[in-house]
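# Structural description and commentary
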Protein chains: 2
Amino acid sequence: MDESRKTAARLLSADTFGRTCPSRKVLDQVTSRWGTLVLAVLVTGPHRFAAIRDEVGGISEKMLSQTLKQLVRAGLADRSVDASVPPQVTYTLTEMGTDLATPLYQLVRWVGLHNGELEAAQRQYDARTG
Amino acid sequence: MDESRKTAARLLSADTFGRTCPSRKVLDQVTSRWGTLVLAVLVTGPHRFAAIRDEVGGISEKMLSQTLKQLVRAGLADRSVDASVPPQVTYTLTEMGTDLATPLYQLVRWVGLHNGELEAAQRQYDARTG
DNA sequence: CAGTATCCGCAGCGATACTG
DNA sequence: CAGTATCGCTGCGGATACTG
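Residues numbered from 1 in each chain as written. Chains lettered and ligands numbered in written order. Predicted model: local features only at pLDDT ≥ 70, side-chain atom pairs only at ≥ 80, totals over all residues. Heavy atoms only, no water.

## Considerations on helix H6 (residues 95-113) of chain B
Here H6(B) contains 19 residues, and its C-alpha end-to-end distance of 27 Å stays within 8% of the 27 Å for a straight helix at 1.5 Å per residue. Those residues of H6(B) that sit buried are Met96(B), Gly97(B), Leu100(B), Ala101(B), Pro103(B), Leu104(B), Tyr105(B), Leu107(B), Val108(B), Trp110(B), Val111(B) and Gly112(B). (Helix = DSSP H or I, 4+ residues; strand = E, 2+ residues; numbered from the N terminus. Expected span 1.5 Å × (residues − 1). Buried < 20%, exposed > 50% of the residue type's maximum accessible area, 1.4 Å probe, protein only.)

Take a look at the structure:
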């Protein structure tokens, strides 16, 4: 692409900003609607399917299944099946997954902690603009 | 992290996982398709509209405008207009925005740096499953 | 319990054209 | 230069039902 995109791209040591860069795919998955929350749950420890579903409010089983599949495919999570009845499936972050999820977890935590300030800022903006 | 069995929500000091929690709104914006990349650009310094557009590959002006508006509304970015001809508009992260964008920036950087490993893991998975 | 399969609405997004 | 307006579509994601 163009040379104007040099600054941040260079700082990032890889052109993740480029439209065609494969790392954008991973970034999109990880920062997808549910990807972030699922990773943030898994970073607190191994979880079973139903446990994740219950902890992430509002996620459908379809989307959870889909999201987990993507994470496993990307090498960020492991899926281990205990062949019992009923079956037990546990999801664990890989080492890569843990590395990646750490800043993500900090983000979620930050948002949670500063929820009040965020709401206040938004209210101010809305009042200012009408 | 060891104190008995606390849910991730508790560990996060706010129920960001809750469906109705307002902080989920912010999280969704920040981790949206373009939100992440725009914030990652701005964390490297103030940028003008066209500069961001050029640096984030593939973003349309409509989406950039929309994304920036959300960030300003959330109190994460400032918009300063230099009333000249042609006009100059510069976007800067607020202090809150910088705090929030830091882990996000680390995430983008991590993905960029580990692009190779990520691709390899995915190829392995695809080969394994056919 | 841990998924898969199917249908489908709607909003997110891209493309294009226009404006202060 | 820095946006806004409008249209049209695609695919995300919700709801529901079914299976090993």
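## Focus on the protein's contact with DNA strand C
Taken together, 18 residues sit near DNA strand C, with Arg48(A), Ser65(A), Arg79(A), Tyr91(A) and Lys62(B) positioned nearest. Restricting attention to atoms of DNA strand C within 4 Å of the protein, one finds that 63% of them are sugar or phosphate atoms. Within the side chain of Arg48(A), a nitrogen or oxygen atom sits 2.7 Å from a phosphate oxygen of DNA strand C. In the environment of DNA strand C, a sugar or linking oxygen lies 3.5 Å from a nitrogen or oxygen atom belonging to the backbone of Pro87(A). Elements with a minimum of two residues in the surface near DNA strand C: helix H4 (49-55), helix H5 (61-73) and strand S3 (88-93) of chain A together with helix H5 (61-73) of chain B. Broken down by element, the residue count for the surface near DNA strand C peaks at 4 residues, all from H5(A). Broken down by class, the residue content of the surface near DNA strand C amounts to 9 nonpolar, 2 polar and 7 charged. (Near = heavy atom within 4 Å. Polar contact = N/O pair within 3.5 Å; in protein donor to acceptor, adjacent residues only side chain to side chain. Nonpolar A, V, L, I, M, F, W, Y, C, P; charged D, E, K, R; others polar.)

## Some thoughts on the environment of Thr31(A)
Assignment of secondary structure puts Thr31(A) in the loop between helix H2 (22-30) and helix H3 (35-42). Accessibility expressed as a relative area gives 3% for Thr31(A), which makes it buried. Considered as a pair, Thr31(A) and Phe49(A) are 18 residues apart in the sequence and their alpha carbons are 20 Å apart. Not counting residues up to four positions away in its chain, the partners in contact with Thr31(A) are Thr36(A), Thr31(B), Ser32(B), Thr36(B) and Leu107(B). (Contact = heavy atoms within 4.5 Å.)

## A look at the pairing of strand S2 (residues 77-82) of chain B
Residues and elements named next belong to chain B. Where S2 meets strand S3 (residues 88-93), 6 bridges bridge the pair, whose relative direction is antiparallel. Of the residues in S3, the one forming a bridge with alanine 77 is leucine 93. In textbook terms, the turn of a hairpin is the stretch between consecutive antiparallel strands, and for S2 and S3 this stretch comprises 5 residues. (Pairing = 2+ DSSP bridges.)

## Quick look at the environment of Arg53(A)
Residues and elements named next belong to chain A. Residue position: arginine 53 is located in helix H4. With 33 residues separating them in the primary sequence, arginine 53 and proline 86 have C-alpha atoms 18 Å apart. With sequence-adjacent residues up to four places away left out, arginine 53 is seen in contact with Ile59, Glu61 and Leu64. At 3.3 Å, the side chain of arginine 53 and the side chain of aspartate 54 are in polar contact.

## A closer look at the relation of the copies chain A and chain B
Superposing chain A onto chain B takes a rotation of 180° combined with a translation of 0.0 Å along the rotation axis, leaving an RMSD of 0.0 Å. Classification of the inter-copy transformation places it as that of a two-fold axis. By residue overlap, the copies meet face to face through one surface: 95% of the interface positions of chain A are interface positions in chain B. (Least-squares fit on C-alpha atoms with pLDDT ≥ 70 in both.)

This is a description of form; function is not addressed.
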